[in-house]
Amino acid sequence: MKIETVPIPAAPPLPVPRIPAPPNDQLSQILQSNSYVRERYLPEPSDGLYLHLSDLRLALEQFRTDEEIVVLDFGCGGSPYRDLFPNSTYLRADVAGEDLDYGIQDDGRSDAPSECCDLILSTQVLEHVSDVWGYLNECMRLLKPGGRMICSTHGTFDDHPCPDDWNRWTAAGFRRDLQRAGFVVNDVLKLTTGPRAILFLLDLHYPNFRGTTLNAFKVGAKIFRSCYGKWKTALHSIADRHLSQYRVVSEPDAKHAIYICVLAECRKPATNRFFAVRA
Ligand SMILES: C[S@@+](CC[C@H](N)C(=O)[O-])C[C@H]1O[C@@H](n2cnc3c(N)ncnc32)[C@H](O)[C@@H]1O
């Protein structure tokens, strides 16, 4: 019996509902503003994002170097971690912004020349990139053979379009994706884990604790919001003292199964066996 195959027409792509973001020029002004950069460069316990950003800073500190290397900040925003590489030639690339050395297209491709840097710094960019493979391939092209990439992105976090927000990673999935893109992964760290992560999520969401019907709950929620708001800074300092083992973690232990951020240190292989180099 002859079976006839009927071609099924491809469905037209549906629009993806998104949280609206400010236009690109406004976004880049926010990313380069003094307060945005200061919160990342010098996090203070009174900051709303302190628990996460101080842990990210702590994790990045271990990669500080006085060497005269070429660093490419790829999705740089206001380059809040530039001070970690004081003697470097520091190149900046982004989709929009001021004083950039190179532009980046939406698919992650840039106008920077191949093998132009010893180190790529990519902090909190990957979740915003629509074509993750395009972006990682581009990082591979831009690194010198044997060059290093420090890449962080979110594990658990609120939607935050910049200008879009597409992905979240587990530590294992992040390692797998970097390896699939051809990187040799030295380490994947989990940042702001366990109870410190819960406290951070509470920081983000305590203003939304509001009762609707039951008066007793409404009053309780109001007292909670008011107390939490007043004690938040003190809670952050207490968390630094007593939850320090939940800041930067490389163990796969179940007590670290929730985490706000993942950070990988990886290398491009020293030989270019697998990759075509774009001129
Ligand atoms: C949350 S900001 C992080 C900025 C900076 N790296 C930092 O740590 O403060 C996200 C950055 O990713 C950039 N970005 C968004 N889409 C991108 C894409 N497709 N390719 C590269 N960068 C992108 C944004 O312009 C923005 O600078």
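Reading guide: rules and limits
Residues numbered from 1 in each chain as written. Predicted model: local features only at pLDDT ≥ 70, side-chain atom pairs only at ≥ 80, totals over all residues. Helix = DSSP H or I, 4+ residues; strand = E, 2+ residues; numbered from the N terminus. Contact = placed C-beta atoms within 7 Å. Near = placed C-beta within 6 Å. Nonpolar A, V, L, I, M, F, W, Y, C, P; charged D, E, K, R; others polar. Buried ≥ 20, exposed ≤ 12 C-beta atoms within 10 Å, placed from the backbone. Pairing = 2+ DSSP bridges. Right-handed = clockwise from strand over helix to strand, strands pointing away. Axes fitted to C-alpha atoms, helices over the stretch in contact; angles between N-to-C directions. Core = buried A, V, L, I, M, F, W, Y, C linked by C-beta atoms within 7 Å.

Caption draft 1: Representation of the overall build of the protein chain within the structure. If you tally the helices and strands in the protein chain, you get seven helices and eight strands. Dimensions of the protein chain along its principal axes, counting C-alpha atoms only, are 70 × 65 × 40 Å. For the protein chain, the share of sequence-separated contacts (at least 6 apart) that also reach a separation of at least 24 residues comes to 70%.

Caption draft 2: Main features of the site of the ligand. Around the ligand sit 19 residues, and of these G75, G77, T123, V125 and H128 come closest. Along the lines of polarity and charge, the residues of the shell around the ligand split into ten nonpolar, six polar and three charged.

Caption draft 3: Examining the pairing of strand β4 (residues 117-123) more closely. Taking burial as the measure, the seven residues of β4 include seven buried ones, the bulk of the element. Strand direction decides the pairing type here: strand β1 (residues 70-74) and β4, joined by three bridges, are parallel. Bridged to L72 within β4 is I120. In this sheet, strand β5 (residues 143-154) lies alongside β4 in parallel orientation, the contact comprising six bridges. Among the inter-strand pairings, L119 is bridged to a residue of β5, identified as R148. Note that the unit made of β4, helix α4 (residues 132-142) and β5 has a crossover that is right-handed.

Caption draft 4: Up close: the environment of I3. The residue I3 is located in the segment before α1 (24-31) in this model. For I3, a count of 4 C-beta atoms within 10 Å corresponds to the exposed category. Considered as a pair, I3 and A221 are 218 residues apart in the sequence and their alpha carbons are 65 Å apart.

Caption draft 5: Main features of the environment of A254. By the secondary structure assignment, A254 is in the loop between β7 (248-249) and β8 (259-267). With 60 residues separating them along the chain, A254 and G194 place their C-alpha atoms 8.8 Å apart.

Caption draft 6: Region of the structure containing the sheet that holds β5. A sheet is described by the order of its strands in space; here eight strands give the open sequence β3-β2-β1-β4-β5-β8-β6-β7, paired in mixed fashion. Every other strand in the sheet has two partners, leaving β3 (102-103) and β7 as the edge strands with one partner each. The sheet contact formed by β5 and β8 spans seven bridges and is antiparallel. Its bridge partner lying in β8, M149 is registered against C266. Along the sheet face, helix α5 (residues 171-180) touches β6 (184-193) and β8 and points at about 155° away from the line of β6. Contacting β6 and β8, helix α6 (residues 194-205) runs over the sheet at an angle of about 60° to β6.

Caption draft 7: The pairing of β8, seen in detail. For β8, the tally of buried residues reaches seven of nine residues, placing the bulk of the element in the interior. Alignment of β6 against β8, held across eight bridges, turns out to be antiparallel. Across the sheet, residue T193 finds its bridge partner in β8, namely Y259.

Caption draft 8: Here's a closer look at unusual backbone geometry. With an omega dihedral of -5°, the bond running from C162 to P163 counts as a cis peptide bond. Mapped onto the fold, P163 is located in the loop between β5 and α5. Residues other than glycine seldom take positive phi values, yet E115 does so here, at roughly 55°. Residue classification places E115 among the partly exposed positions, given that 16 C-beta atoms sit within 10 Å. Located in the positive-phi region is Q124, a residue other than glycine, with phi close to 55°.

Caption draft 9: Quick look at the environment of C117. Inspection of the secondary structure puts C117 in strand β4. With 30 residues separating them in the primary sequence, C117 and G147 have C-alpha atoms 7.3 Å apart. In this view, C117 contacts V70, V71, L72, L91, L142, L143, K144 and G147; residues no more than four positions away in its chain are not counted.

Caption draft 10: Layout of the nonpolar core. I120, C139, M149, L189, L191, V262 and A264 are the most contacted members of the largest nonpolar core, which has 53 residues in total. With seven residues, the top contributor of residues to this core is β8. In this structure V262 touches S152, T153, G155, W169, A171, F174, V188, L189 and K190, once residues within four positions along its chain are discounted.

Caption draft 11: Seen up close, α4. When we look at burial in α4, the residues that qualify are Y135, L136, E138, C139, M140 and L142. Of the surrounding secondary structure, the elements contacted by the buried residues of α4 are β1, β4 and β5.

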